[in-house]
Amino acid sequence: QVQLVESGGGLVQAGGSLRLSCAASGNIALINTMGWYRQAPGKQRELVATITRGGQTNDADSVKGRFTISRDNAKNTVYLQMNSLKPEDTAVYYCYADVFAAWTRRIYWGPGTQVTVSS
(Lines give C-alpha, C1' and ligand atoms only; values in the text may rest on other atoms or scores of the structure.)
Protein backbone atom coordinates (compact mmCIF):
# COMPACT_ATOMS: atom_id res chain seq x y z
CA GLN A 1 0.00 0.00 0.00
CA VAL A 2 1.24 3.47 -0.96
CA GLN A 3 0.02 6.83 0.23
CA LEU A 4 0.75 10.31 -1.06
CA VAL A 5 0.44 13.27 1.28
CA GLU A 6 0.29 16.79 -0.11
CA SER A 7 1.02 19.99 1.75
CA GLY A 8 1.64 23.67 1.12
CA GLY A 9 -1.66 24.80 -0.32
CA GLY A 10 -3.44 27.86 0.89
CA LEU A 11 -4.66 31.35 0.12
CA VAL A 12 -2.38 33.90 -1.51
CA GLN A 13 -2.74 37.19 -3.32
CA ALA A 14 -2.11 37.51 -7.03
CA GLY A 15 1.59 37.76 -7.70
CA GLY A 16 2.46 35.74 -4.64
CA SER A 17 4.13 32.37 -4.28
CA LEU A 18 3.42 28.96 -2.82
CA ARG A 19 5.46 25.78 -2.61
CA LEU A 20 3.58 22.50 -2.73
CA SER A 21 5.08 19.26 -1.46
CA CYS A 22 3.98 15.67 -1.94
CA ALA A 23 5.60 12.82 -0.05
CA ALA A 24 5.01 9.18 -0.97
CA SER A 25 5.31 6.43 1.61
CA GLY A 26 4.61 2.73 1.93
CA ASN A 27 5.70 -0.26 -0.11
CA ILE A 28 7.93 1.51 -2.62
CA ALA A 29 10.86 0.11 -4.51
CA LEU A 30 11.26 3.24 -6.61
CA ILE A 31 9.17 5.94 -8.20
CA ASN A 32 9.37 6.66 -11.90
CA THR A 33 7.56 9.81 -13.02
CA MET A 34 5.91 12.13 -10.51
CA GLY A 35 3.83 15.17 -11.23
CA TRP A 36 0.99 17.53 -10.56
CA TYR A 37 -2.48 17.98 -11.99
CA ARG A 38 -5.01 20.60 -11.06
CA GLN A 39 -8.75 20.99 -11.34
CA ALA A 40 -10.54 24.32 -11.14
CA PRO A 41 -14.26 24.59 -10.38
CA GLY A 42 -16.30 23.64 -13.43
CA LYS A 43 -13.23 22.66 -15.42
CA GLN A 44 -11.58 19.41 -16.40
CA ARG A 45 -8.50 18.22 -14.58
CA GLU A 46 -5.38 19.37 -16.41
CA LEU A 47 -1.72 18.49 -16.32
CA VAL A 48 0.50 21.06 -14.63
CA ALA A 49 3.96 19.53 -14.66
CA THR A 50 5.79 16.22 -14.61
CA ILE A 51 9.28 15.13 -13.68
CA THR A 52 11.04 11.84 -14.37
CA ARG A 53 13.23 10.07 -11.86
CA GLY A 54 16.23 11.41 -13.76
CA GLY A 55 14.98 14.98 -13.48
CA GLN A 56 13.53 15.65 -16.93
CA THR A 57 10.62 18.07 -16.65
CA ASN A 58 7.59 18.93 -18.72
CA ASP A 59 5.44 21.95 -17.91
CA ALA A 60 2.08 23.05 -19.19
CA ASP A 61 2.19 26.18 -21.33
CA SER A 62 -0.08 27.97 -18.89
CA VAL A 63 2.48 27.70 -16.08
CA LYS A 64 5.75 27.66 -17.98
CA GLY A 65 8.15 30.23 -16.60
CA ARG A 66 6.17 30.60 -13.38
CA PHE A 67 6.06 27.11 -11.88
CA THR A 68 9.02 24.82 -11.24
CA ILE A 69 8.72 21.13 -10.49
CA SER A 70 11.47 19.29 -8.65
CA ARG A 71 11.94 16.11 -6.62
CA ASP A 72 14.02 14.47 -3.94
CA ASN A 73 14.31 10.78 -4.76
CA ALA A 74 15.79 9.92 -1.36
CA LYS A 75 12.65 11.30 0.29
CA ASN A 76 10.18 10.12 -2.38
CA THR A 77 8.97 13.68 -2.55
CA VAL A 78 7.97 15.97 -5.40
CA TYR A 79 7.66 19.73 -5.14
CA LEU A 80 5.93 22.46 -7.10
CA GLN A 81 7.26 25.97 -6.65
CA MET A 82 4.56 28.36 -7.84
CA ASN A 83 5.52 31.98 -8.45
CA SER A 84 3.66 34.93 -9.95
CA LEU A 85 0.37 33.29 -9.10
CA LYS A 86 -2.76 34.39 -10.92
CA PRO A 87 -6.42 34.03 -9.96
CA GLU A 88 -6.80 31.52 -12.78
CA ASP A 89 -4.34 29.26 -10.96
CA THR A 90 -7.00 28.70 -8.32
CA ALA A 91 -7.69 24.97 -8.22
CA VAL A 92 -7.28 21.78 -6.29
CA TYR A 93 -3.80 20.49 -6.99
CA TYR A 94 -3.27 16.73 -7.12
CA CYS A 95 0.03 14.93 -6.85
CA TYR A 96 0.63 11.61 -8.58
CA ALA A 97 3.41 9.06 -8.63
CA ASP A 98 4.23 6.11 -10.87
CA VAL A 99 5.28 3.62 -8.20
CA PHE A 100 7.23 0.39 -8.59
CA ALA A 101 6.70 -2.06 -5.73
CA ALA A 102 8.09 -5.59 -5.43
CA TRP A 103 5.97 -7.03 -8.24
CA THR A 104 3.67 -4.22 -9.31
CA ARG A 105 3.64 -0.85 -11.00
CA ARG A 106 0.76 1.49 -10.27
CA ILE A 107 -0.21 5.14 -10.41
CA TYR A 108 -1.10 6.66 -7.05
CA TRP A 109 -2.82 9.96 -6.38
CA GLY A 110 -2.83 12.29 -3.45
CA PRO A 111 -6.10 13.61 -2.03
CA GLY A 112 -5.45 17.11 -3.37
CA THR A 113 -4.63 20.43 -1.79
CA GLN A 114 -6.53 23.67 -2.37
CA VAL A 115 -4.74 26.65 -3.86
CA THR A 116 -6.70 29.89 -3.91
CA VAL A 117 -5.33 33.06 -5.50
CA SER A 118 -7.17 36.27 -4.77
CA SER A 119 -7.17 39.48 -6.79
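Higher on the page you've got the structure.
This text gives an overview of the structure that appears in the document. (Residues numbered from 1 in each chain as written. Predicted model: local features only at pLDDT ≥ 70, side-chain atom pairs only at ≥ 80, totals over all residues. Heavy atoms only, no water.)

**Topic: the overall build of the protein**
Here is step 1 of the chain: Looking only at helices and strands, one finds 0 helices and 11 strands in the protein.
Here is step 2 of the chain: Starting at the N terminus and ending at the C terminus, the protein contains elements arranged as β-β-β-β-β-β-β-β-β-β-β.
Here is step 3 of the chain: For 119 residues, the compact-globule estimate of 2.2 N^0.38 gives 14 Å, and the protein sits close to it at 14 Å.
Here is step 4 of the chain: Across its three principal directions, the C-alpha atoms of the protein cover 50 × 25 × 25 Å.
Here is step 5 of the chain: Put simply, the protein has 119 residues, and 42% of those count as buried. (Helix = DSSP H or I, 4+ residues; strand = E, 2+ residues; numbered from the N terminus. Rg over C-alpha atoms; globule rule 2.2 N^0.38 Å. Buried < 20%, exposed > 50% of the residue type's maximum accessible area, 1.4 Å probe, protein only.)

**Overview of the nonpolar core**
Here is step 1 of the chain: Grouped together as the largest cluster of nonpolar side chains are 31 residues, with contacts concentrated most on Trp36, Leu80, Met82 and Tyr93.
Here is step 2 of the chain: Every element with two or more residues in this core is listed here: strand 1 (2-7), strand 3 (18-26), strand 4 (30-39), strand 5 (46-51), strand 7 (67-72), strand 8 (77-82), strand 9 (91-100) and strand 11 (113-118).
Here is step 3 of the chain: The biggest single contributor to this core is strand 9, with 5 residues.
Here is step 4 of the chain: Apart from the residues lying within four places of it in its own chain, the contact partners of methionine 82 are Gly16, Ser17, Leu18, Leu20, Arg66, Phe67, Tyr93 and Val115. (Core = buried A, V, L, I, M, F, W, Y, C linked by side-chain atoms within 4.5 Å. Contact = heavy atoms within 4.5 Å.)

**Considering the state of the cysteines**
Here is step 1 of the chain: Applying the stated criterion across every chain, the model contains 1 disulfide.
Here is step 2 of the chain: Paired through a disulfide, cysteine 22 and cysteine 95 show a sulfur-sulfur distance of 2.1 Å. Residues cysteine 22 and cysteine 95 share a disulfide whose torsion about the S-S bond is about -80°; that sign makes it left-handed. Of the two residues, cysteine 22 is situated in strand 3 and cysteine 95 in strand 9; the sequence distance between them amounts to 73 residues. (Disulfide = S-S within 2.5 Å.)

**What about the sheet that holds strand 8?**
Here is step 1 of the chain: Reading across the sheet, the 4 strands line up as 1-3-8-7 and stay open at both edges, with antiparallel pairing between neighbours. If you trace the sheet from one side to the other, it starts and ends with strand 1 and strand 7, each paired once. For this sheet the average axis-to-axis angle between neighbouring strands, irrespective of direction, equals 15°.
Here is step 2 of the chain: Pairing of strand 1 with strand 3 involves 6 bridges; the strand directions are antiparallel. Across the sheet, valine 2 pairs through a bridge with glycine 26, a residue of strand 3. (Pairing = 2+ DSSP bridges. Axes fitted to C-alpha atoms, helices over the stretch in contact; angles between N-to-C directions.)

**Observations concerning the packing of aromatic side chains**
Two descriptors summarise a pair of aromatic rings, namely the distance from one centre to the other and the angle between the planes of the rings.
Here is step 1 of the chain: This model, assessed by the stated rule, comprises 3 aromatic pairs.
Here is step 2 of the chain: Every member of this aromatic cluster is reached through a ring pair, and the members are Tyr37, Tyr96 and Trp109.
Here is step 3 of the chain: The ring centre of tyrosine 79 lies 4.1 Å from the NZ or CZ of arginine 19, which sits over that ring.
Here is step 4 of the chain: Cation over ring: arginine 45 sits above tryptophan 109, and NZ or CZ is 5.1 Å from the ring centre. (Phe/Tyr/Trp six-rings, centres within 6.5 Å; stacked < 30°, edge-to-face > 60°. Lys NZ or Arg CZ within 6 Å of the ring centre and 35° of its normal.)

**With respect to unusual backbone geometry**
Here is step 1 of the chain: The phi dihedral of asparagine 76 falls on the positive side, at around 50°, and the residue is not glycine.
Here is step 2 of the chain: Relative to the elements of secondary structure, asparagine 76 occurs in the loop between strand 7 and strand 8.
Here is step 3 of the chain: Here serine 84, not a glycine, exhibits a phi torsion of approximately 50°, which is positive.
Here is step 4 of the chain: Looking at the element boundaries, serine 84 is found in the loop between strand 8 and strand 9.

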